Amino acid sequence: MKTLSLIFLLLATNNLFATNYYIKNDGDDGAAGNSKTSAWQSISKLNASWRSIVAGDSILFKCGDVFTGKIMV
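Conventions used here
Residues numbered from 1 in each chain as written. Predicted model: local features only at pLDDT ≥ 70, side-chain atom pairs only at ≥ 80, totals over all residues. Heavy atoms only, no water. Helix = DSSP H or I, 4+ residues; strand = E, 2+ residues; numbered from the N terminus. Buried < 20%, exposed > 50% of the residue type's maximum accessible area, 1.4 Å probe, protein only. Contact = heavy atoms within 4.5 Å. Areas by Shrake-Rupley, 256 points an atom, 1.4 Å probe, with all protein chains shown as cover. pLDDT = per-residue confidence, 0-100.

S.K.: Can you help me understand the overall build of the protein in this one?
M.R.: Within the protein, the regular secondary structure consists of 2 helices and 2 strands. Secondary structure elements in the protein, listed N-terminal to C-terminal, are α-β-α-β. Within the protein, the fraction of its 73 residues that count as buried is 21%. Counting only contacts in the protein whose residues sit at least 6 apart along the sequence, the fraction spanning at least 24 positions is 40%. A total of about 5500 Å² of accessible surface is found on the protein, and carbon and sulfur atoms cover 60% of it.

Written as structure tokens, this is what we have:
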């Protein structure tokens, strides 16, 4: 039972350190990308940033914006 509780605790705390990355058409690829006000602009920036993105992080595209390109994982 202790093992199961420890596993649950580790899984639950993993999301506490997750980062949201924002992408919008009027963003800036020189920005941090980790808030709506410092969003990235392009899929190219996303592709160049995969080393800093880890399991549990979210990539959030602004609703209504149109993006072109391929996401290369």
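Having seen the model, we can carry on.
S.K.: Would you take a moment to explain the confidence of the model for the protein for this structure?
M.R.: When pLDDT drops low, the exact placement of atoms in the prediction is not to be read closely. Across the protein, pLDDT averages 87, with 78% of residues at or above 70. Within the protein, the element-level pLDDT minimum falls on helix H1 (residues 2–14), averaging 58, and the maximum on strand E1 (residues 20–23), averaging 97.

S.K.: Is there a simple way to think about the environment of Lys45 in this case?
M.R.: Topologically, Lys45 is positioned in helix H2 (residues 43–48). By relative accessible area, Lys45 is classed as partly exposed at 25%. Once the C-alpha coordinates of Lys45 and Ile71 are considered, the two residues, 26 residues apart in sequence, prove to be 10.0 Å apart. With residues up to four places along the chain from it excluded, the contact list for Lys45 reads Asp29 and Trp40.

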